[in-house]
Amino acid sequence: MSPVDVVSLGEPLYELNRQPDGNWLTGFGGDTLNVAIAAARLGATAAYVTRLGDDIFAEELRALMQRESIDISAVAQDRGAPTGLYFVTHGPSGHVFTYRRSGSAASRMTPADLDPMLIASARFLHASGISQAISASAAETVAAAIAMARRAGVRVSYDTNFRPRLWEAAKARPVIETAAAHACILKTSVEDAEALYGMTDPAAIGRHFLGLGASAVIITRGKDGAALVTRGGVEHVPVRKVAAVDATGAGDAFTGALLAQLARGHTVSAAARFANAAAGLSTLAYGAIAPLPRRPAVEAFLAGAD
């Protein structure tokens, strides 16, 4: 099997994003799908592992992945469950998500859905706390995929992506920490760390996850950029200001860009700076996937070009 830069595992979702005029813009999302497409648009090869329902939303998601050159050989169809949906509304405090995903096809994933050869062919396996939170069987699938990756020498990328509406912190912490212990790249946010541990200091957050076994920890901080924490210390990764209109999926844009750069052989530090630029550009239009940038746009932005 040909090598794949990123194999991503989780739940894709159909998106309805409320516009300023009150109309709904249709689109697509789901954190780990966002990561796969973000990486693919920047030149990485990517594959996705999930289940889709037997409905119009599944058809459109499958067509999207094919248009974006995502390997869908591990995307199964589940005729007994729907494809998940989510709605995005906007207000003074930012964007708000409302989900219709209970009992979705992706939540019925099991370890039997995994292709060990596909995972073994990857440079990175990516999963998230959301991938684990949607059901017990999905959590088992993530754990099995990580074990397969580790046995094959594949690097693990993991995003805590804690969602209190999916599970409580007390239940999430041990599951997240078990995955984090195997992560070559651990991405979290100040918001996640505060909700899970009451921590807001990037250095303390980084030390916590390094202590669990992660190799490199990146803490995204919104308008304050990001912090990269390794055993060599803490590095601030600055952000360039943009006229943001919708931050939906910006963290996933960051992760996808980071993995694309790492797959090209860049250092984590250099990759994080590129990823910050890609994340900023992803906020310039509505939706999680539609605004994800391509490489020329990111490179021009970093160079200060219009």
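Before reading on, note that the structure itself is shown above.
Sequence order sets the numbering: in each chain, residues are counted from 1 along the sequence as written. At least 70 in pLDDT is required for a residue's local features to be given in this predicted model, at least 80 for side-chain atom pairs to be given and counted, and no such filter applies to totals for whole chains, interfaces and linings, which use all residues. With hydrogens and water excluded, all non-hydrogen atoms of the structure serve as input to the side-chain values.

**Description of the packing of aromatic side chains**
Our working definition: For Phe, Tyr and Trp, rings pair up if their centres lie within 6.5 Å, where Trp contributes its six-membered ring, and each pair is then called stacked (planes under 30 degrees apart), edge-to-face (over 60) or tilted (otherwise). Note on exposure labels: buried denotes an accessible area under 20% of the residue type's maximum, exposed denotes more than 50%, and partly exposed covers the range between, all computed with a 1.4 Å probe on protein chains only. Here a strand is any run of E in DSSP of at least two residues, a helix any run of H or I of at least four, and the numbering for each starts at the N terminus. Put simply, a charge is over a ring when the Lys NZ or the Arg CZ is close to the ring centre, within 6 Å, and near the line of the ring normal, within 35 degrees.
Scanning the entire structure with this criterion turns up seven aromatic pairs. The interplanar angle of 20° and the centroid separation of 6.1 Å between the aromatic rings of Phe-97 and Tyr-99 together place this pair among those described as stacked. For Phe-97, a relative accessible area of 16% translates into the label buried. With a centroid separation of 5.9 Å and an interplanar angle of 80°, the aromatic rings of Tyr-197 and Phe-209 are classed as edge-to-face. One end of the pair, Tyr-197, is in helix H7 (residues 190-197); the other, Phe-209, is in helix H8 (residues 202-212), with 12 residues separating them in the sequence. The exposure class of Phe-209 is buried, given its relative accessible area of 0%. In this arrangement the basic side chain of Arg-101 is found over the ring face of Tyr-99, its NZ or CZ atom lying 4.6 Å from the centre. Between the NZ or CZ atom of Arg-240 and the centre of the ring of Phe-301, over which it lies, the distance is 4.4 Å.

**Here we look at the pattern of salt bridges**
Formally: Think of a salt bridge as a Lys or Arg side-chain nitrogen and an Asp or Glu carboxyl oxygen that are within 4 Å of each other.
Under the counting rule described, the total for this entry stands at 11 salt bridges. Between Glu-11 and Arg-101 there is a salt bridge; the shortest N-O distance is 2.9 Å. On the criterion of sequence distance, the pair formed by Glu-11 in the loop between strand E1 (4-9) and strand E2 (13-18) and Arg-101 in the loop between strand E7 (94-100) and helix H3 (116-120) is long-range, its members being 90 residues apart. Its salt-bridge partner being Arg-79, residue Asp-54 comes within 2.8 Å of it at the nearest N-O pair. Residue Asp-54 is located in the loop between strand E4 (46-52) and helix H2 (56-67), and its partner Arg-79 is located in the loop between strand E5 (70-77) and strand E6 (85-91); the two are separated by 25 residues in the primary sequence. In this structure Asp-54 comes out as partly exposed when scored by relative accessible area, which is 41%.

Geometric values such as these leave the question of function open.
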